[in-house]
Amino acid sequence: MNIIVLLKQVPDTETQIKIAPDGKSIVTDDIKWIMNPYDEFGVEEALRIKEKFGGEVTVVGLGPKRVTESIRTALAMGADKGILITDDALEGSDSLAVAKAITAAVKDLDYDLIFTGQRGIDDDMGVVGASVAELLGIPNISLGIKVEISEDQKTVTVNRPVEGQTLVIESSLPALITAQKGLNEPRYASLPGIMKAKRKPLEEKSLADLGLDASEFGTEARKVKILELTPPPERAAGKIIEGETPQEKAAELARLLHEEAKVL
Amino acid sequence: MYFNEDHNALRATVKRFVDKEINPYVDDWEQSNVPLHDLFKKMGDLGLLGITYDPKYGGQGLDYWFDLVFLEELGHCKADGVPMAIGVQTHMATPAIHEFGSEYLKETYLKPAVAGDMVTAIGVTEPEAGSDVASLLTRAVKDGDSYVINGSKRFITNGCQADYVTLLARTSDDPGYHSFGLFVVPTKTPGFVVNKKLDKMGMRCSDTAELFFDDMRIPAENLIGEEGEGFIIQMKQFQHERFYALPGAYVSARDMIDMTVEYIRQRKVFGKPLIAKQVLRHRLAEWVTQLECLKQLTYHIVRMKMEGLDATREITMGKLFAGDLVFNVAHGCLQMWGGMGYMNETLISRKFRDSRLLSIGGGANEVMLEVIAKLEGF
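Bear in mind that the values here come from a model prediction, so they are computed numbers and not experimental data. (Residues numbered from 1 in each chain as written. Chains lettered and ligands numbered in written order. Predicted model: local features only at pLDDT ≥ 70, side-chain atom pairs only at ≥ 80, totals over all residues. Heavy atoms only, no water.)

What follows deals with the sheet that holds strand β5 (residues 81–85) of chain A. All names here are of chain A. Strand order in the open sheet formed by 7 strands is β7-β11-β6-β1-β4-β5-β12, with parallel pairing between adjacent strands. Each edge of the open sheet carries a strand with a single partner, namely β7 (140–144) and β12 (202–205). If you compare each strand with its neighbour and ignore which way they point, the axes differ by 20° on average. Two strands pair when backbone bridges link them, and β7 and strand β11 (residues 175–179) are joined in this way by 3 bridges, in the parallel orientation. For Asn140, the partnering residue across the bridge sits in β11 and is Leu176. Docked against the sheet, helix α4 (residues 128–136) engages β1 (3–7), β6 (113–117), β7 and β11, running at close to 180° with respect to β11. (Pairing = 2+ DSSP bridges. Helix = DSSP H or I, 4+ residues; strand = E, 2+ residues; numbered from the N terminus. Axes fitted to C-alpha atoms, helices over the stretch in contact; angles between N-to-C directions. Contact = heavy atoms within 4.5 Å.)

Rendered as structure tokens:
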């Protein structure tokens, strides 16, 4: 069973995000980059399936050279090979353009399953997975929290949470599944794994290598334009309700909810 | 400048391990014990317990920069007793076996320690012999194919849970340093008695024991190196122990400073954040300067080790400097926390208690000074 995992590199969740002077992008100088956590669930799931059924796991990333580090992390966890799609012309591309480039890179590979995160934790668009599935013409199953491959390896059953219930979806293979939190607990990259990862194949592909026209990518070609980035409003200070007794405090709380917050 | 992609990957793994497998549990462990078999097995599976050791025995065969990265990240543990327990396993009880042990000892005792299947302890200190190691009284007498050991050891980290203790004992009454043997002592041996877990001021999650040996018979092949050379071998092993303490010291002290700065930014006194006081900002600036010095000395030691040079002098200086520095930082930070710092619920309170040990354990500051003075010919 050959599996492809699509991964994105995103700012560490602990990073303080600063908006760049152009008002449309963020300052990337001091950012620590990590593998998108949802994609990591995809890597883990792919490795578990590989351990059960055999086959190969190929990790595909897109972006500047630094994305290599995240691909290596996946290789250190146990993936077999990596592909980095990197090209200056890709800078500023929107989700659809990214999906097109990824599709070009994976369409001729031999695969039964594709995993990716349900969304990137940076832009929160959640579009690439479904777009790649559409462009490849294979089923897309979103937000998987449980994935089971049939014994004959012909179908996959995926659990997806919906409004407190679980939707169980069966699909033929190949299919694309986007991973949701709860799917698994990703393993650590072990030290022997880290050292082995260096010797695993990692190919780089430019847009030209993929037979794509650079003018369809980058900021200028965006269908979704970013007009402005603004920081979320600062949280206002909380209010401590004073009072001698619980009754007094409760009465004051009720009054404030009614008169100030106007929710009662 | 110092680290490559592989070092960074190891750093990420250890950081995550500390964040997920250690720090969420330390409050509980402080009330009880670190479950060492469980923790070490997880670390062994990740290849973290024998970073510089020979791959033949499960080690990774990597250089001291990897070791440094590992130790730096362990410095972020929220209770120093955890890295201390790990350090005993990797830098205090096993280096002598790796360096001087027979093939049998490496196969039987080093391999399982590296894999995390066995927990180890180092038995040097005794009631009558602390930093003055040569005055120890525990005695090993050769009897045919065995040694019979009698005596006791005190303040033995990991002592209650250990599967074996690397034990220094006297093999003859001749004065001088050639009257000792270093032994691997399985704790299941009849005559091995764990008296109790000791109640300490700090490092409370650490399992620190008092041990007794009553006609304990161990195979003669459990001697590490030659009889009579135990003291010399242990002095070499101490270099690993003392080096282990350095990266964690400057990382832990930096964490104390960071948490304190965060607190005094919010803490308002006389209408202004406490951090606006120049005297406090200068104090912080002085500490980070000293921490940078310690870090650079440590990096220099790593370079010396990489070149195969004897770094005894520098490691001793580092241990001395680190012992004072972490306590000064802990003490000074706690002062900035004021009454809150005196509450057990704040981490700085634990850090203060834990940090007191560094200038005592692994050779007291006064002994470090004596070593340096001797090496300098004073």
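Picking up after the structure, the text goes on.
Another point: the pattern of salt bridges. Residue and element names in this part refer to chain A. All told, the structure shown has 39 salt bridges over all chains when counted by the stated rule. With a shortest N-O distance of 3.1 Å, Asp122 and Lys8 are connected by a salt bridge. Here the residue Asp122 occupies a position in the loop between β6 and α4, and Lys8 occupies one in the loop between β1 and β2 (9–11), the gap between them amounting to 114 residues. Here Asp122 falls in the partly exposed class, since its relative accessible area comes to 31%. According to the relative accessible area criterion, Lys8 is partly exposed, its value standing at 31%. (Salt bridge = Lys/Arg side-chain N within 4 Å of Asp/Glu carboxyl O. Buried < 20%, exposed > 50% of the residue type's maximum accessible area, 1.4 Å probe, protein only.)

Turning to the nonpolar core, a few remarks are in order. Of all hydrophobic cores here, the largest spans 138 residues; its most connected members are Ile22, Leu39, Val82 and Ile86 of chain B. Residue contributions to this core peak at 17 residues, all from helix α8 (residues 230–266) of chain B. One finds Val98, Ile102, Ile114 and Val132 of chain A within the second-largest nonpolar core, a separate group that totals 25 residues. (Core = buried A, V, L, I, M, F, W, Y, C linked by side-chain atoms within 4.5 Å.)

Tallying the contact residues gives 18 residues for chain B and 15 residues for chain A. Counting the surface lost from both chain B and chain A, the interface buries some 1,500 Å², and carbon and sulfur atoms represent 56% of this. Summed over the shared surface of chain B and chain A, the number is 5 salt bridges. The shortest N-O distance in the salt bridge between Glu40 of chain A and Arg16 of chain B comes to 2.5 Å. Between the two partners, chain B and chain A, sit 8 residue pairs in polar contact (both at pLDDT 80 or more). The greatest single-element share of the side of chain B that touches chain A, amounting to 11 residues, is contributed by helix α1 (residues 5–22) of chain B. (Buried area = accessible area lost by both parts, 1.4 Å probe. Polar contact = N/O pair within 3.5 Å; in protein donor to acceptor, adjacent residues only side chain to side chain.)

Judged by side-chain polarity, Ile19, Ile226 and Leu229 of chain A come together as a nonpolar surface patch covering roughly 200 Å² of accessible area. Within the element layout of this structure, Leu229 of chain A appears in the loop between β12 and α6 (246–259). (Patch = residues over 30% accessible without salt bridge, like charges linked within 9 Å, V, L, I, M, F, W, Y side chains within 5 Å. Areas by Shrake-Rupley, 256 points an atom, 1.4 Å probe, with all protein chains shown as cover.)

What follows is about the domain arrangement of chain A. In terms of domains, chain A is made up of domain 1 (2–221) and domain 2 (233–264). Computed from C-alpha atoms alone, the centre-to-centre distance between domain 1 of chain A and domain 2 of chain A is 46 Å. (Domains from an automatic or database assignment.)

Residue and element names in this part refer to chain B. According to the domain assignment, chain B contains domain 1 (5–115), domain 2 (120–226) and domain 3 (232–375). Distance from the C-alpha centre of domain 1 to the C-alpha centre of domain 2: 22 Å. With 30 residues of domain 1 in contact, the opposing surface of domain 2 contributes 23 residues. Note on domain 1 versus domain 2: buried area summed over both sides is about 2,100 Å², and carbon and sulfur give 60% of it. Inspection of the domain 1/domain 2 interface yields 0 salt bridges.

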